[in-house]
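A structural walkthrough
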Amino acid sequence: ASRTRRRGEMTTHGADEWAGMDLSVRRGNDHDPAWFKGLAGLEDHYDMVIIGAGISGCVFAERGSKELGLKSLIIDKRDHIGGNCYDFINKHGFRVSQYGVHLFHTKFDRVWKYVNEFSEWMDYEHRVKGKVDVGDGYKVVPIPPSQETVNTLFNAGVHSEADMEAWLDARRSANDNPQNGEESALTRAGSELYEAIFKYYTKKQWDKFPEELDASVLARIPVRTNTDDRYFTDPHQALPKDGYTRIFENMIMADPNITVRLNVDFFELRDKLPKSGLTVFTGPIDAYYASQGLPKLEYRSLRFFEEYHEPDAEGGDHPGFYQPCLQLNYPGPEVDFTRIVEYKHKPNQPKAARESKGTVIFKEYSCDHGEPYYPVPNPANHELFVRYQELAAKETGVCFVGRLASYKYFNMDQAFLNALEMFDEMKAGGRVEARTELGEGDGPK
């Protein structure tokens, strides 16, 4: 039996985007009391004033100090460092992420070497399951779809990659020029997988059915022909032993060249900030130019609703846990949430949390207001972003860095590499080397 206690039964995804999470206790991290002094005690001039204490901002400050001896001021409107990677120990003793589960994976050796300077890491290969009903009750299957997925859902009788290719080829539509997301998905997955896995999940993520979305949105939906059930295939996959926030503490806290101020909104106080040789802006590019009167770029956001459970410690398929894995997706239309995340499955939990009789889960909902997570890919937004890019190119003394400034979803490793390479360019006096092709981020999972 499972006993549930909920904080604030919510029926709408209203203005208070944290109403569904218990943020009353956030332990396990260090901070400097000076971070909360506002603009008091600052110098008159810094080499760099950096807006945003996430990946991009901390990389610029850390590299600026280590490589060039630059003094930086980092400001952030939030009350913590680490950006969306921020995690903490909650009141039940579990390490959780305020902005949704983060999984580090990379193929970039430079990034892997860099992040190892600031944390010990534990090997961890992420596996996602989906709870899917195709008419005969829920079944738990690997996501992305693989041989096991089609065998479990459709009794496909697939036993090899050749079998899987043949099964897919018999169902895929032939279309060299798909006009929308549905047509694109059907060329990759066929109708059965499309209906079971992708159609309604896409609707929940974007509030549009695939047929209403650009073909590019579903052009890369993953379908595996092999038996590899890992969500990522990068050579480096790991979790930071002491959580993600500790990485950022180790990057900037002990460095006398780096000053941090939190709860400081750049747009409210920009005229009162110290002077600087360079402004590094890591926020939304449209917010920087709000006074220009251009429309806002569209983003999808997320809401998290937390529940505490004490599952049966002995019975069932996953004793002591609410569900069989860290991330369980619900691709069907029968529930409004997209997935449930159970952090107890993460091996970098404190020992007491791993042994606890309780667990916390987070139901995740997609919405169109709140923190900007995922850019909405359509021609109008692309055209608008180009206009913002043109304004940014004319801006002197300002460097726009990161996913929000680029209107592009970055995985963590892509954000690190983008910042490292943009710092390289700044260090070289603006000479642009060929940047690494980052590829597409994972986007909504």
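Scoring rules and cut-offs
- Residues numbered from 1 in each chain as written.
- Predicted model: local features only at pLDDT ≥ 70, side-chain atom pairs only at ≥ 80, totals over all residues.
- Heavy atoms only, no water.
- Helix = DSSP H or I, 4+ residues; strand = E, 2+ residues; numbered from the N terminus.
- Contact = heavy atoms within 4.5 Å.
- Areas by Shrake-Rupley, 256 points an atom, 1.4 Å probe, with all protein chains shown as cover.
- Lys, Arg positive; Asp, Glu negative; His and termini not counted.
- Charge placed at Lys NZ, Arg CZ, Asp CG, Glu CD.
- Buried < 20%, exposed > 50% of the residue type's maximum accessible area, 1.4 Å probe, protein only.
- Arc of directions from axis to C-beta.
- Axes fitted to C-alpha atoms, helices over the stretch in contact; angles between N-to-C directions.
- Parallel < 35°, antiparallel > 145°, perpendicular 65-115°, else oblique.
- Nonpolar A, V, L, I, M, F, W, Y, C, P; charged D, E, K, R; others polar.
- Pairing = 2+ DSSP bridges.
- Disulfide = S-S within 2.5 Å.
- Core = buried A, V, L, I, M, F, W, Y, C linked by side-chain atoms within 4.5 Å.
- Phe/Tyr/Trp six-rings, centres within 6.5 Å; stacked < 30°, edge-to-face > 60°.
- Lys NZ or Arg CZ within 6 Å of the ring centre and 35° of its normal.

**Considerations on the overall build of the chain**
- Each helix and strand in the chain was counted, giving 12 helices and 18 strands.
- In terms of overall dimensions, the chain has C-alpha extents of about 70 × 55 × 40 Å along its principal axes.
- Within the chain, residue pairs in contact and separated by at least 24 positions form 74% of the contacts whose partners lie at least 6 positions apart.
- Accessible surface for the chain amounts to roughly 20,100 Å². Of this, 46% is attributable to carbon and sulfur atoms.
- The chain carries 55 positive and 70 negative side-chain charges, and their two centres are separated by 4 Å.

**Here we look at helix α3 (residues 147-154)**
- Along α3, the positions that sit buried rather than exposed are Gln 147, Thr 149, Val 150 and Leu 153. Seen from one end, α3 has its buried residues packed into an arc of 165°, which puts them on one side.
- Elements that come into contact with the buried residues of α3 comprise β8 (128-133), β9 (138-143), α4 (161-169) and α5 (181-206).
- Once α3 finishes, Asn 155 follows within two positions and takes phi at roughly 50°, a positive value.

**Some thoughts on the packing of α3 against α5**
- Between α3 and α5, whose axes approach to 12 Å, the crossing angle comes to 90°. Overall, the two elements α3 and α5 adopt an arrangement that is roughly perpendicular. For the pair α3 and α5, the contacting residues are Thr 149, Val 150, Leu 153 and Phe 154 in the first and Glu 192, Leu 193, Ala 196 and Ile 197 in the second.
- Each residue belonging to the contact of α3 with α5 can be placed in one class, and the counts come to 6 nonpolar, 1 polar and 1 charged.

**Details of the pairing of strand β12 (residues 275-281)**
- Of the strand pairs in this sheet, strand β2 (residues 45-51) and β12 are connected by 6 bridges, and their pairing is parallel. Residue pairing for β12: Met 48 is matched across the bridge by Leu 278.

**Some words on the state of the cysteines**
- Applying the stated criterion across every chain, the model contains 0 disulfides.
- With no disulfide partner, Cys 367 has as its closest neighbouring cysteine sulfur the one in Cys 85, 20 Å distant.
- In this structure Cys 399 is a free cysteine whose sulfur lies 15 Å from that of Cys 58, the closest cysteine sulfur available.

**Concerning the nonpolar core**
- The biggest cluster of nonpolar side chains holds 113 residues, and the ones touching the most others in it are Phe 60, Met 251 and Phe 400.
- Once residues within four sequence positions are removed from consideration, Phe 60 is found in contact with Met 48, Ile 50, Val 280, Cys 399, Val 401, Ala 419, Met 422, Phe 423 and Met 426.
- Ranked by size, the runner-up nonpolar core spans 9 residues in total, among them Phe 305, Tyr 330, Phe 337 and Ile 361.

**Here's the deal with the sheet that holds strand β10 (residues 236-240)**
- Taken in spatial order, the 3 strands make up an open sheet running β6-β10-β7, and their pairing is antiparallel. Since the sheet does not close on itself, it has two edges, and those belong to β6 (104-106) and β7 (121-123), each with one partner. Strand after strand, the sheet turns through a mean of 40° between neighbouring axes, direction not considered.
- Taken together, the 3 bridges between β7 and β10 define a ladder with antiparallel strand orientation. Its bridge partner lying in β10, Trp 121 is registered against Pro 240.
- Relative to β10, helix α6 (residues 244-252) is tilted by about 85°, and along the sheet it contacts β6, β7 and β10.

**Brief notes about the sheet that holds β12**
- On the basis of which strands lie adjacent, the open sheet formed by 5 strands has the order β11-β3-β2-β12-β18 and parallel pairing. Each edge of the open sheet carries a strand with a single partner, namely β11 (258-262) and β18 (398-400). Adjacent strand axes in the sheet meet at a mean angle of 20° when their direction is disregarded.
- Seen against the sheet, helix α1 (residues 55-68) touches β2, β3 (72-76), β11, β12 and β18 and runs at an angle of roughly 155° to β2.

**Let's talk about unusual backbone geometry**
- Cis geometry marks the peptide bond from Ile 143 to Pro 144; its omega dihedral reads 0°.
- Note on placement: Pro 144 falls in the loop between β9 and α3.
- Phi is positive for Asp 207, which is not a glycine, with a value near 55°.
- Considering the arrangement of structural elements, one finds Asp 207 in the loop between α5 and β10.

**Observations regarding the packing of aromatic side chains**
- A complete count under the given rule lists 31 aromatic pairs for this structure.
- Centroid distance Phe 266 to Phe 267: 5.2 Å. Interplanar angle 70°. Geometry classified as edge-to-face.
- The rings of Phe 266, Phe 267, Phe 281, Tyr 288, Tyr 289, Tyr 388 and Phe 400 are connected pair by pair, giving a single aromatic cluster.
- Cation over ring: Lys 344 sits above Phe 321, and NZ or CZ is 5.3 Å from the ring centre.

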